Amino acid sequence: MNLAESWEAEASQWIRWARRPGHDSYWRYHRDQFLNLLPSPGRLTVDIGCGEGRLTRHLKELGHRIIGVDASPSLVAAARGSDPSMDIRIADAAALPFDDASADLAIAFMSLHDTDALAHTIGEIARILAPEGRLCFAIVHPLNSAGHFERETADAPFVIEGEYLRPFRYSETVEEDGLTMTFHSEHRPFAAYFSALEEAGLLVEALRETGIPEHAFRSQASRRWQRLPLFLHVRALRA
């Protein structure tokens, strides 16, 4: 089963998880950290791996003329149902249904680590971006996906037991406030992302390594994520 099929299998769980306001990091802080990276709305924004559409809807509210794409038919149906006025399309991120140079902003919020063909996907993104267009993406930080804390305390050691430099598939099941979600992703080192950007002719303008901000802590144990980054945010320019 590839990653797209795995996410289709988890679609109903993800819709419940994503649509409970305040439930996960997206609502508490992650979206707002990511929005600080984005340029002003232009003629077309493409949300790649839009899922059930929560960020797509918010970007529309902020004035973006936006089209969302996702490989999961169930998630696309949910996104369309939440706002029938939005243009949401079923598409493989490695074969985007857009003309060359047709967008000035591409968003990939927490989706590139859930794609099977990273280099092809970033190449497709570069193809649809106009000159001076930008890709803004967020991923699980590669350090985070390579290792784990030994225990849930603020001072717990962080351990990498396998290989950081070798890509590998992984799944993580999380239970929180009565909801359960299994996330399916691929760990890749920093170099995999930046080599793909380099090959596609995209120049990095900004990079942010983000943890949990002070206002978002739910327990003292979660303070361990002030010592190491949870997410990586990048803005890249098509020169």
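Residues numbered from 1 in each chain as written. Predicted model: local features only at pLDDT ≥ 70, side-chain atom pairs only at ≥ 80, totals over all residues. Heavy atoms only, no water.

## Quick word on the sheet that holds strand β11 (residues 231-238)
Reading across the sheet, the seven strands line up as β3-β2-β1-β4-β5-β11-β10 and stay open at both edges, with mixed pairing between neighbours. Where the open sheet ends on each side, the last strands, each with one partner, are β3 (87-90) and β10 (202-210). The mean inter-strand angle of the sheet, taken between neighbouring strand axes irrespective of direction, is 15°. Against the sheet, helix α5 (residues 73-82) makes contact with β2 (66-70) and β3, and its axis sits at roughly 170° relative to β3, the strand it touches most. Here helix α6 (residues 118-128) sits on the sheet in contact with β1 (45-48), β4 (103-109), β5 (129-140), β10 and β11, set at roughly 145° to β5. (Pairing = 2+ DSSP bridges. Helix = DSSP H or I, 4+ residues; strand = E, 2+ residues; numbered from the N terminus. Axes fitted to C-alpha atoms, helices over the stretch in contact; angles between N-to-C directions. Contact = heavy atoms within 4.5 Å.)

## Remarks on the pattern of salt bridges
If you walk through the whole model with that rule in mind, you get 14 salt bridges. In this structure, Arg134 and Glu205 form a salt bridge, with 2.8 Å as the shortest nitrogen-oxygen distance. Placement of Arg134 in strand β5 and of Glu205 in strand β10 is noted, with a sequence separation of 71 residues between them. Judged by its relative accessible area of 21%, Arg134 falls in the partly exposed class. Each of Arg19, Glu52 and Arg57 takes part in salt bridges that share partners, so that together they form one network. (Salt bridge = Lys/Arg side-chain N within 4 Å of Asp/Glu carboxyl O. Buried < 20%, exposed > 50% of the residue type's maximum accessible area, 1.4 Å probe, protein only.)

## Regarding the packing of aromatic side chains
By the definition in use, this model includes twelve aromatic pairs. Between Phe149 and Phe158 the ring centres are 5.1 Å apart and the planes differ by 75°, which places this aromatic pair in the edge-to-face class. By relative accessible area, Phe158 is classed as partly exposed at 21%. One aromatic cluster is present, formed by Trp7, Trp14, Trp17 and Phe183 through successive ring pairs. (Phe/Tyr/Trp six-rings, centres within 6.5 Å; stacked < 30°, edge-to-face > 60°.)

## What about the environment of Ile66?
Locating Ile66 in the fold gives a position in strand β2. In this structure, the C-alpha to C-alpha distance between Ile66 and Val46, residues 20 residues apart in sequence, is 5.7 Å.

## Examining the nonpolar core
Counting 29 residues, the largest nonpolar core has Ile48, Leu112, Leu135, Phe137, Leu197 and Leu202 as its most contacted members. Contributions of two or more residues to this core are made by β1, β2, β4, α6, β5, α8 (190-200) and β11. Per-element tally for this core: the top contributor is α6, with five residues. Those residues in contact with Ile48, other than ones at most four positions away along the chain, are Val69, Ala93, Leu96, Ala106, Ile107, Ala108, Phe109, Ser111 and Ile125. Core analysis: the second largest hydrophobic core is formed by 14 residues, Tyr26, Phe34, Leu35 and Leu59 among them. (Core = buried A, V, L, I, M, F, W, Y, C linked by side-chain atoms within 4.5 Å.)

## As for the environment of Ser74
On the secondary structure map, Ser74 appears in helix α5. Taking the C-alpha atoms as reference, Ser74 lies 11 Å from Glu5; in sequence the two are 69 residues apart. Excluding residues within four positions of it along the chain, Ser74 makes contact with Glu8, Ala11 and Ile15. Of note is the side chain of Ser74, whose polar atom sits 2.6 Å from the side chain of Glu8. (Polar contact = N/O pair within 3.5 Å; in protein donor to acceptor, adjacent residues only side chain to side chain.)

## So, unusual backbone geometry
We note that Ala101 has phi near 55°; this positive angle belongs to a residue other than glycine. Relative to the assigned elements, Ala101 resides in the loop between β3 and β4.

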